[in-house]
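Read off the chains here:
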Amino acid sequence: HEDHNITVVLGTEAIKQGVGRYMQGTRIDYIFESDPNTWTLDNGSSSNIGNSSRYQRKVTMFGLFGRADYSYKGKYLATFTIRRDASSKFGSKNRWGNFPSASLGWRMSEENFMKSIKWLDMLKLRLSWGALGNNAVDNYEYQSVYNKDNYVLGNSVVPGLAQIQLANAMVSWETTYVTNIGLDFSLFGSKLDGTIELFNKDTHDILIDLPAPLLVGNASIPTQNAARVRNRGVEMNLKWNHRIGKVNYFVGGNFTFIDNEVTRFKGEERSISGTNMIQEGYPINIQYVLAVDRILQTDEDMLFVEKMIKDAPLDPTTGQRVNPFASYGTPKKGDFLYKDLNGDGVIDDNDKYAVGHGLAPRLTYGFSLGAEWNGFDFSCLFQGNAGLQVYWQDKFYMGYINYGDVINKEIAEGAWREGRTNATYPRLLTGLNTLNAQPSDFWVQNKSYLRLKNVQIGYKIPKKLLQKLDISQLRLYTSLENMLTFTSYKGIDPEISGTTYPTMKQITVGVNVVF
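What this report covers is the structure whose coordinates are included nearby. Quick caveat: nothing in here was measured; it's all calculated off a predicted structure.

For the protein chain, the count of helices and strands is 2 helices and 26 strands. Relative to the globule expectation of 24 Å for 515 residues, the C-alpha radius of gyration of the protein chain, 33 Å, shows a markedly less compact shape. With respect to the three principal axes, the spread of C-alpha positions in the protein chain is 90 × 80 × 65 Å. Partitioning the intrachain contacts of the protein chain with sequence separation of at least 6 by distance along the chain shows that 63% fall at a separation of at least 24. Accessible surface, the protein chain: about 31300 Å² in total, of which carbon and sulfur atoms supply 55%.

This is the structure we're talking about:
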């Protein structure tokens with residue numbers, strides 16, 4: 001029926017990688033080295049034998065998929081898909097994974113009760129849900145791995161095998177479930193177009209390393225499907241197109257806000273790598289650092305140090321007061337005084353706390369604008385992010401000095417020195433004394449920024465001037481990239497990590513010719 005439209009697609013997919021093995025042997029010091037016809041292994045010296053072999057692990061995947069699209073009068077839309085995938089990285093009981101998805105759409109603007117709204121050109125409501133599979137795991141973790149080793153039998157050393165990797169027969173697919181609710185619209189004679197979308201992305205069965213009992217010995221522990229991460233947020237895109245007299249212009253913008261949280265990991269246990277921490281209830285790789293109370297600059301400041309030493313807790317084994325600064329060193333004038341956040345009277349790693357929202361910005365955004373008039377055109381694009389705080393210390397920006405290294409100018413001029421009470425950085429210490437270089441919130445940088453990514457100005461030569469040249473269009477233009485950046489970040493470039501090659505500024509002049 002013409003009111004109904006159905007499309008069905010069925011397919012299959014097969015992938016095979018890493019099939020094959022090889023062996024090789026070598027000898028040198030041949031009897032007749034000048035004659036290649038004698039270059040056989042047997043003719044080489046038996047005292048210089050080399051051999052090797054390698055098995056290139058086989059990885060195969062096989063998938064079946066189907067998709068059905070349905071439309072009724074162009075107003076009611078539905079799409080259903082299903083994938084059934086198998087991967088050789090998993091054991092026979094967990095090899096297959098099923099990943100369905102569905103989406104529904106309603107063109108509300110096509111309904112009769114919406115026809116009277118003259119300023120509404122198009123309004124569409126969307127709802128979707130789907131599952132995606134991921135087999136990003138090492139090969140054959142579901143099997144035990146052995147390596148040749150020696151053992152003692154009857155007072156003799158004999159060759160044998162030793163288990164070097166335990167098996168996880170239950171290892172299986174990571175699955176990400178995505179739910180979206182969206183609204184597409186076009187208003188005022190298609191002058192204003194936009195989309196608004198809410199999303200929730202839940203990844204289950206993420207492979208992580210869990211603790212294991214000591215009885216497993218030196219064998220490596222396989223990863224297990226145990227973690228879960230949730231990303232939820234909102235996206236919006238808007239664009240306004242209009243004409244005033246002879247001027248056509250547009251203004252557009254977009255933003256994405258994401259909230260990330262580890263919803264299942266290892267209970268209260270943390271996983272810490274450098275300053276990055278993973279723990280349930282926090283964003284992935286949130287910064288985990290000490291808190292700086294102040295830079296000690298006066299005699300009054302030093303009274304805090306003396307009081308902490310005087311009021312330090314007693315060592316239960318000796319009955320003597322412990323050194324509250326034993327972990328990093330007793331601070332002097334010009335040094336950081338770290339906060340005792342857990343209140344135990346001692347400054348150590350137990351006083352670290354979580355800062356920021358991980359290694360990805362919570363908000364990314366951009367906006368553009370442009371215009372055309374009498375052959376002239378102009379456009380520009382801004383982009384930026386907010387809500388990104390990261391720990392940063394390297395040779396360009398650090399709390400200590402090494403002989404032969406260059407000192408950052410801001411740190412050198414702001415560092416404390418005797419008699420100074422308004423220092424913005426601690427005193428300069430050599431690399432042997434890392435008291436002031438401990439990972440702390442003082443060295444956590446706000447990488448929020450707004451950057452003018454591109455500006456372009458052009459002019460199209462009138463066609464009547466091009467007729468004799470047999471050219472249909474000639475446009476002259478100049479383009480400027482990355483010329484302005486607004487940020488409080490003290491590094492070279494907020495778009496990169498650390499001190500590496502920054503985003504280049506470029507000026508381009510060009511000609512577009514169409515014959």
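From this point, the discussion proceeds with the structure in view.
A separate point is empty space enclosed by the protein. Throughout the structure, instances matching the rule amount to 2 cavities of 30 Å³ or more. In this structure, the largest cavity spans a volume of roughly 80 Å³. If you trace the largest cavity, you find 13 residues lining it, with M398, Y400, V406, I407 and N408 closest to the centre. Taken as a whole, the second largest cavity encloses approximately 40 Å³ of empty space. Surrounding the second largest cavity, F325, Y328, G329, P331, F336, L337, Y338, I347 and L435 form its lining. Split by residue class, the lining of the second largest cavity holds 8 nonpolar, 1 polar and no charged.

Let us now look at the packing of aromatic side chains. Tallying each qualifying case throughout the model produces 22 aromatic pairs. With 6.0 Å between their ring centres and 25° between their planes, W129 and Y177 make a pair best called stacked. One end of the pair, W129, is in strand 7 (residues 120–134); the other, Y177, is in strand 10 (residues 174–187), with 48 residues separating them in the sequence. For W129, a relative accessible area of 38% gives the class partly exposed. Y177 sits in the partly exposed class, given a relative accessible area of 29%. Note on F376 and Y459: the rings are 4.4 Å apart at their centroids and 35° apart in plane angle, and the pair reads as tilted.

Read from one edge to the other, the open sheet built from 4 strands follows the order 14-15-16-19, with strand pairing classed as antiparallel. The open sheet has two edge strands with one neighbour each: strand 14 (271–273) and strand 19 (353–355). Averaged over all neighbouring strand pairs, the angle between strand axes comes to 40°, with direction disregarded. Looking at chain direction, strand 15 (residues 276–278) and strand 16 (residues 286–289) are connected through 2 bridges and run antiparallel. Across the sheet, residue M277 finds its bridge partner in strand 16, namely I286.

Attention now goes to helix 1 (residues 299–310). Each α-helix winds once per 3.6 residues, and so residues spaced three or four apart point in a common direction. Helix length check: helix 1, at 12 residues, gives a terminal C-alpha distance of 16 Å against a target of 16 Å (1.5 Å per residue), a fit within 8%. For helix 1, the full list of buried residues reads D301, M302, V305 and M308. Projected down its long axis, helix 1 carries its buried residues within an arc of 110°, all on one side. Facing away from the buried side of helix 1, by more than 90 degrees, are the exposed residues D299, E300, E306, K307 and K310. Looking at the buried positions of helix 1, the neighbouring elements they touch are strand 17 (292–295) and strand 18 (336–338).

This part takes up unusual backbone geometry. Non-glycine residue N155 carries a positive phi angle of around 60°. Take N155: it is sitting in the loop between strand 8 (145–153) and strand 9 (156–165). In the Ramachandran plot, N285 falls in the positive-phi region, its phi being about 55° despite a non-glycine side chain. The topology assignment puts N285 in the loop between strand 15 and strand 16.

This paragraph deals with the pattern of salt bridges. Throughout the structure, instances matching the rule amount to 20 salt bridges. When the shortest N-O distance is used, the salt bridge between R67 and D69 registers 3.1 Å. Between K307 and D311 there is a salt bridge, with its nearest N and O atoms 2.8 Å apart. K307 gets classed as exposed once you look at its relative accessible area, which sits at 52%. Among the ionic contacts, a cluster of salt bridges with common partners joins R451, K453, D493 and E495.

Right, let's talk about the pairing of strand 12 (residues 224–244) for a bit. As paired strands, strand 11 (residues 192–208) and strand 12 are joined by 15 bridges and run antiparallel to one another. In the strand pairing of strand 12, L192 is matched with W240. Pairing of strand 12 with strand 13 (residues 247–264) involves 17 bridges; the strand directions are antiparallel. Along strand 13, the bridge assignment pairs R228 with R264. Here strand 12 folds back onto strand 13, and the loop between the two strands holds 2 residues, one of which, G245, carries a positive phi near 65°.

Empty space within the largest pocket amounts to approximately 280 Å³. Around the largest pocket, the lining comprises 20 residues; the ones closest to its centre are T81, S101, G130, A131 and L132. Mapped onto the lining of the largest pocket, the elements with two or more residues apiece are strand 5 (76–87), strand 6 (96–107), strand 7 and strand 10. Looking at the lining of the largest pocket, the element that brings in the most residues is strand 7, giving 7 residues. Its residues assigned to classes, the lining of the largest pocket shows 8 nonpolar, 10 polar and 2 charged. One number sums up the size of the second largest pocket: a volume of about 240 Å³.

The next point concerns the side chain of S440. As for its position among the elements, S440 is in the loop between helix 2 (409–414) and strand 23 (444–446). Residues in contact with S440, not counting those within four places in the same chain, are V289, L290, V292, Y338 and Y391.

Mapped onto the elements, P331 comes out in the loop between helix 1 and strand 18. Separated by 105 residues in sequence, P331 and N436 have C-alpha atoms that sit 8.9 Å apart. Every residue in contact with P331, bar those within four places of it in the chain, is listed here: L296, M302, V305, F325, F336 and L435.

Conventions adopted
- Residues numbered from 1 in each chain as written.
- Predicted model: local features only at pLDDT ≥ 70, side-chain atom pairs only at ≥ 80, totals over all residues.
- Heavy atoms only, no water.
- Helix = DSSP H or I, 4+ residues; strand = E, 2+ residues; numbered from the N terminus.
- Rg over C-alpha atoms; globule rule 2.2 N^0.38 Å.
- Contact = heavy atoms within 4.5 Å.
- Areas by Shrake-Rupley, 256 points an atom, 1.4 Å probe, with all protein chains shown as cover.
- 1 Å grid on protein atoms, 1.4 Å probe; cavity = no way out; pocket = protein on both sides within 12 Å on 5 of 7 lines; lining within 4 Å.
- Points joined across faces, edges and corners; volume = space filled by probe spheres on them.
- Nonpolar A, V, L, I, M, F, W, Y, C, P; charged D, E, K, R; others polar.
- Phe/Tyr/Trp six-rings, centres within 6.5 Å; stacked < 30°, edge-to-face > 60°.
- Buried < 20%, exposed > 50% of the residue type's maximum accessible area, 1.4 Å probe, protein only.
- Pairing = 2+ DSSP bridges.
- Axes fitted to C-alpha atoms, helices over the stretch in contact; angles between N-to-C directions.
- Expected span 1.5 Å × (residues − 1).
- Arc of directions from axis to C-beta.
- Salt bridge = Lys/Arg side-chain N within 4 Å of Asp/Glu carboxyl O.

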